[in-house]
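Chain by chain, the residues:
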Amino acid sequence: MFNALLELFLKYVDFEKLLKPYIHKFGKYIRLYRPSFYVALAVGFLAYIAITAILSLSSGDIKKSTFDFAIQNRISGPAPSSEILIVDIDEKSIAELSPKFGRWPWPREMLAEVISGIEDGKPSAIYLNMLLSEGDVGNKNSDNTLEIVLGQYENVITPWLRLNPKNDGESKFLAKDIPGFEAGESSEQIEKVATVALIASLFSDSKNHHGFANLKEDGDGIIRRFYTKMQVPGGIVPSSSFVASQVAASTQILGEPNEIFLNWRNKKGAYKRISFSDLYKQFQGGAEVIPSAELANKIIVLGVSAPGLANLKPTASSSLIDDNEIIANAIDDMVNRTYLKLTPIWFDKLISAFLIILFCLTFLYGSFFLKINTLVGFVQSALAVITLGF
């Protein structure tokens, strides 16, 4: 009904005739009070920039659509590290191994065999991208085998999961007992009594490392950032990817923020992947898909990407990516410190204000038009290169 009335109104109302007198009056006013008009216009824009700056600083957030556009349309970006390898339980692995071992999840002794085979090549770290929180009721010996294998190595990361903080009070797990827990300032009493809702790895008594595997989703469900550390009552706990980075680097990584903006590897290919089934067969005496020597010093991400089993997430660079790729990207950024470092909000607003003033001067002083126009063009070009070129 409304659309029909609107169409009828637009059909019979001559806007050009209706607005023409006012347009002429407005143009006459601008010519008469030209300097004052452009100054007032500039002041209005500067006031708007100031208000949005205050609001942005109070929220501490970025403009998500602009950020995503810049990531997706930039000219270049960092290449995926050749030191990171994804061992992929993909569709091929499911098709080849399910007839013998049944539906996923398979007996954990298979993971133990592959991990043991990879360790022969002396990788720097193995990130086991799956939550092993419950025992295999049908095959307890399989759990024992995996526990024995994990107990032999100190470079395996088995993730934990942080649950909703609202449930912390119902948990019996003390924050201070979480591996890697760092107490905050003035939190001695909280540290002693605070509990944290979480799901721990079944293999937490082994020599391997732990951390929270939660992915950081923005309000719109898209992943742009990644935890290096997560807040818990009384302190912070490292993420499992951050732990993997430290294990791979054989050193403690200091000075990193609790969250980083991922520098997506979306312009120069993806991380190398090897099918889990191929590697399993190789370690069983089958055809060699990768020489053991090529696993030396590699960071291995072992996880699932098969349809129906994979954990797929939207990111700033793509509508859907499996979490193995996200974790590999995060570890790459942490190890090589290639994560995005955004300019402060105040700096962006300052540049905007500077451009507004230049445009105002352009209209006020026509004799300097060419110089000012060249300067504006240079600044805009430089900003475009910085935003889309790296």
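Model, not experiment: these values are computed from the prediction.

Colleague: Lay out the overall build of the chain in plain terms, naming residues and giving numbers.
Modeller: The number of helices and strands found in the chain is 13 helices and 14 strands. By residue count, 42% of the 390 residues in the chain fall in the buried class. Taking the contacts inside the chain whose residues are at least 6 apart along the sequence as the reference set, 79% of them involve residues at least 24 apart. Total accessible area on the chain stands at roughly 21700 Å², and carbon and sulfur atoms take up 60% of it.

Colleague: Can you explain the side chain of histidine 210? Please cite residues and give values.
Modeller: Turning to its location among the elements, histidine 210 is positioned in the loop between strand E6 (198-199) and strand E7 (225-227). Looking at histidine 210, the relative accessible area reads 8%, which means it is buried. Reaching out from histidine 210, the side chain makes a polar contact with the side chain of threonine 158 at a distance of 2.9 Å. There is a polar contact of 3.2 Å between the side chain of histidine 210 and the side chain of tryptophan 160. With sequence-adjacent residues up to four places away left out, histidine 210 is seen in contact with Thr158, Trp160, Pro179, Ser201, Phe203, Ser204 and Val243.

Colleague: So what about helix H11 (residues 323-336)? Which residues, and what values?
Modeller: With 14 residues, H11 ought to run about 20 Å at 1.5 Å a step, and its terminal C-alpha atoms sit 20 Å apart, in line with that. Of the residues flanking the start of H11, the one acting as N-cap is aspartate 322, its side-chain oxygen 3.0 Å from the backbone nitrogen of asparagine 324. Just beyond H11, the residue with positive phi is arginine 337, at close to 55°.

Colleague: Any chance you could break down the packing of aromatic side chains for me, citing the residues and the numbers?
Modeller: Evaluation of the coordinates by the stated rule reveals six aromatic pairs. Considering the side-chain rings of tryptophan 104 and tryptophan 106, the 5.1 Å spacing of their centres and the 80° angle between planes classify their relative orientation as edge-to-face. Among the aromatic residues, those joined into a cluster by ring pairs are Phe101, Trp104, Trp106, Phe276 and Tyr280. Cation over ring: lysine 341 sits above tyrosine 339, and NZ or CZ is 4.4 Å from the ring centre.

Colleague: Any details on the sheet that holds strand E1 (residues 84-89)? Residues and values, ideally.
Modeller: On the basis of which strands lie adjacent, the open sheet formed by five strands has the order E3-E2-E12-E1-E11 and parallel pairing. The open sheet has two edge strands, strand E3 (156-157) and strand E11 (272-275), and neither has a second partner. Contacts between helix H10 (residues 276-283) and the sheet are confined to E1, E11 and strand E12 (299-304), with E11 contributing the most and set at about 60° to the helix.

Colleague: Go over the pattern of salt bridges with me, naming the residues and quoting the values.
Modeller: Evaluated as defined, the whole model comprises 19 salt bridges. One salt bridge in this structure joins aspartate 68 and arginine 224, with 2.8 Å as the shortest N-O distance. On the criterion of sequence distance, the pair formed by aspartate 68 in helix H4 (residues 64-73) and arginine 224 in the loop between E6 and E7 is long-range, its members being 156 residues apart. Like arginine 224, aspartate 68 is buried. Put simply, arginine 265 and aspartate 333 hold a salt bridge, and the shortest N to O gap is 2.5 Å. On the criterion of sequence distance, the pair formed by arginine 265 in the loop between strand E10 (259-261) and E11 and aspartate 333 in helix H11 is long-range, its members being 68 residues apart. Assigned by exposure class, arginine 265 and aspartate 333 land together as buried.

Colleague: Quick one: what's the story with the pairing of strand E8 (residues 229-232), residue by residue and with numbers?
Modeller: Summarising the sheet, E8 and strand E9 (residues 235-238) pair through four bridges and their orientation is antiparallel. If you follow methionine 230 over to E9, its bridge partner there is valine 237. In this antiparallel pair of consecutive strands, E8 and E9, the connection spans two residues, and glycine 234 shows a positive phi of 90°.

Colleague: Explain the sheet that holds strand E5 (residues 182-183) residue by residue, including any values.
Modeller: The strand order E5-E9-E8 describes an open sheet built from three strands, whose pairing is antiparallel. Strands with a single pairing partner mark the edges of an open sheet, and in this sheet they are E5 and E8. Of the pairings in the sheet, the one linking E5 to E9 comprises two bridges and is antiparallel in character. When the bridges of E9 are listed, alanine 183 appears paired with glycine 235.

What counts and how
- Residues numbered from 1 in each chain as written.
- Predicted model: local features only at pLDDT ≥ 70, side-chain atom pairs only at ≥ 80, totals over all residues.
- Heavy atoms only, no water.
- Helix = DSSP H or I, 4+ residues; strand = E, 2+ residues; numbered from the N terminus.
- Buried < 20%, exposed > 50% of the residue type's maximum accessible area, 1.4 Å probe, protein only.
- Contact = heavy atoms within 4.5 Å.
- Areas by Shrake-Rupley, 256 points an atom, 1.4 Å probe, with all protein chains shown as cover.
- Polar contact = N/O pair within 3.5 Å; in protein donor to acceptor, adjacent residues only side chain to side chain.
- Expected span 1.5 Å × (residues − 1).
- Phe/Tyr/Trp six-rings, centres within 6.5 Å; stacked < 30°, edge-to-face > 60°.
- Lys NZ or Arg CZ within 6 Å of the ring centre and 35° of its normal.
- Pairing = 2+ DSSP bridges.
- Axes fitted to C-alpha atoms, helices over the stretch in contact; angles between N-to-C directions.
- Salt bridge = Lys/Arg side-chain N within 4 Å of Asp/Glu carboxyl O.

Read these as geometric descriptors, not functional statements.
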